[in-house]
Amino acid sequence: MDKEEIRIYSEQDMVGIRAAGRLAAEVLDHITPFVKVGVDTESLDNLMNEFIQSKGGASADIGYCGYPKATCISPNHVICHGIPSPDKYLQNGDIVNIDVTVVLDGWYGDTSRMFYVGHPSVKAKRLVQTTYETMMAGVMAVKPGATTGDLGAAMQSVAESAGYSVVRDYCGHGCGGIFHGAPNILNFGRKGAGVKLVPGMVFTIEPMVNVGSFETMTLKDGWTVVTKDKQLSAQFEHMVAVTSEGVEILTLSPKGWNYPPYQGG
């Protein structure tokens, strides 16, 4: 997308965007105690949809390009877009990403976190930790004058230094007044390349990090994306705004539950 297509939001706009970002984070706080061994993913989806509606919002996912559910729930080797189902039960040792996008008063809030189910392996926990650090490296690179390539390079460096790969087929995106738009925020890149950041931009940073190859495969349902080699994958996502001083994270957990294990989970 061209730079001209990137939306720049006013401080008045940011009031609504902040509220939407906070609601998205509250949804993940709300579902945390329910993410446990034996629960089916459709039950989790229903609980989150009910919570979103109780707060005056709506799921942005339902019906988006035909998507059937309110959230995406992606365990283990599922990279993203896992469809909640009454037949998919969480098992001891799973790691699972829950991705939520809400619409509140016309504004969008988009975030995801990883969750531990029971007692994951040391290998799985290390991947989750590194993925969180990868996301935060991208977040902390955000400032006026930086480029989207700076963000990608920062994330790629953290993940690959730990021996992992970053997914190339999916990326962060402009958000706020729209669900998906410019600029694209790749999980890899070259410093100085890409679009220059200016105050008022709002976008997601959402690296997907794999134990093995970065290659992906989409299942027959047309949505669920898995690692081609069936090795574990993890993802975290924050929606952020570029400010005159640097960056504002719009989807921080109100309860401080930004990284597992979560108190109360």
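This section reports on the structure supplied with the text. (Residues numbered from 1 in each chain as written. Predicted model: local features only at pLDDT ≥ 70, side-chain atom pairs only at ≥ 80, totals over all residues. Heavy atoms only, no water.)

A separate point is the overall build of the protein chain. When you go through the protein chain residue by residue, the secondary structure sums to 4 helices and 15 strands. For the protein chain, the C-alpha radius of gyration of 17 Å lies close to 18 Å, the compact-globule estimate for 265 residues. Projected onto the principal axes, the alpha-carbon positions of the protein chain cover approximately 45 × 45 × 35 Å. Buried residues in the protein chain amount to 56% of all 265 residues. Within the protein chain, counting contacts between residues at least 6 apart in sequence, those at least 24 apart form 72% of the total. Summed over its atoms, the accessible surface of the protein chain is roughly 11000 Å², and 52% of this surface lies on carbon and sulfur atoms. (Helix = DSSP H or I, 4+ residues; strand = E, 2+ residues; numbered from the N terminus. Rg over C-alpha atoms; globule rule 2.2 N^0.38 Å. Buried < 20%, exposed > 50% of the residue type's maximum accessible area, 1.4 Å probe, protein only. Contact = heavy atoms within 4.5 Å. Areas by Shrake-Rupley, 256 points an atom, 1.4 Å probe, with all protein chains shown as cover.)

Take unusual backbone geometry next. The residue after Ala182, namely Pro183, is reached through a cis peptide bond having omega 0°. A positive phi angle, close to 55°, is found at Asp105, a residue other than glycine. Among the structural elements, Asp105 can be located in the loop between β4 (95–104) and β5 (107–116). Judged by relative accessible area, which is 71%, Asp105 ranks as exposed.

On to the pairing of β5. Summarising burial for β5: 9 of the 10 residues are buried, a large majority. Relative to β5, β4 is paired through 10 bridges, and the arrangement is antiparallel. If you follow Leu104 over to β5, its bridge partner there is Trp107. Linkage of β4 to β5, two consecutive antiparallel strands, is achieved through a turn of 2 residues, within which Asp105 is found at a positive phi near 55°. (Pairing = 2+ DSSP bridges.)

A few words on the sheet that holds strand β10 (residues 208–210). Pairing between sheet strands relies on hydrogen bonds along the backbone, with the strands arranged either parallel or antiparallel. The strand order across the open sheet formed by 3 strands is β6-β10-β13, and the pairing between neighbours is antiparallel. Each edge of the sheet is formed by a strand with only one pairing partner; in this case those strands are β6 (165–166) and β13 (233–235). In this structure, β6 lies alongside β10, joined through 2 bridges in antiparallel fashion. For Ser165, the partnering residue across the bridge sits in β10 and is Asn210.

With that out of the way, let us pick up the pattern of salt bridges. Overall, the coordinates contain 6 salt bridges when judged by the stated rule. When the shortest N-O distance is used, the salt bridge between Arg22 and Glu26 registers 3.1 Å. Remark: Glu26 and Arg22 occur in helix α1 (residues 11–31); sequence separation between them is 4 residues, near one turn of the helix. Given the relative accessible area of 46%, Arg22 is considered partly exposed. Note on Glu26: relative accessible area 22%, which makes it partly exposed. It is possible to trace a salt-bridge network through shared partners that takes in Glu11, Arg18 and Glu248. (Salt bridge = Lys/Arg side-chain N within 4 Å of Asp/Glu carboxyl O.)

Turning next to the packing of aromatic side chains. One pass over the full model with this rule turns up 8 aromatic pairs. Ring geometry for Tyr64 and Phe179: centres 4.7 Å apart, planes at 50°, overall tilted. Taken together, the residues Tyr64 in the loop between β1 (58–59) and β2 (72–75) and Phe179 in the loop between β7 (172–174) and β8 (181–185) connect sequence positions 115 residues apart. When its relative accessible area of 33% is taken as the criterion, Tyr64 is described as partly exposed. Judged by centre distance (5.3 Å) and plane angle (75°), the ring pair of Tyr132 and Phe236 falls under edge-to-face. Pair noted here: Tyr132 is in helix α3 (residues 122–140) and Phe236 is in the loop between β13 and β14 (238–242), with a separation of 104 residues, a long-range link. Three or more aromatic residues joined by ring pairs make a cluster, and in this case those are Tyr64, Tyr108 and Phe179. (Phe/Tyr/Trp six-rings, centres within 6.5 Å; stacked < 30°, edge-to-face > 60°.)

Bringing the sheet that holds strand β11 (residues 216–218) into the picture now. With antiparallel pairing, 3 strands are arranged side by side in an open sheet as β3-β12-β11. Each having just a single partner strand, β3 (78–80) and β11 make up the two edges of the open sheet. Along the sheet, successive strands turn relative to each other by an average axial angle of 40°, direction set aside. When β11 meets strand β12 (residues 225–227), the two strands line up antiparallel, connected through 3 bridges. Across the sheet, the residue bridging to Met217 is Val226, located in β12. (Axes fitted to C-alpha atoms, helices over the stretch in contact; angles between N-to-C directions.)

Look at α1 against helix α2 (residues 41–54): their axes get within 10 Å of each other, and the N-to-C directions meet at 135°. Considered as vectors, α1 and α2 are oriented oblique to each other. With respect to the hand of their crossing, α1 and α2 are arranged in right-handed fashion. Seen from α1, the contacting residues are Leu23, Glu26, Val27, His30 and Ile31; seen from α2, they are Leu44, Leu47, Met48, Phe51 and Ile52. (Parallel < 35°, antiparallel > 145°, perpendicular 65-115°, else oblique. Left-handed = near helix turned anticlockwise from the far one by under 90°.)

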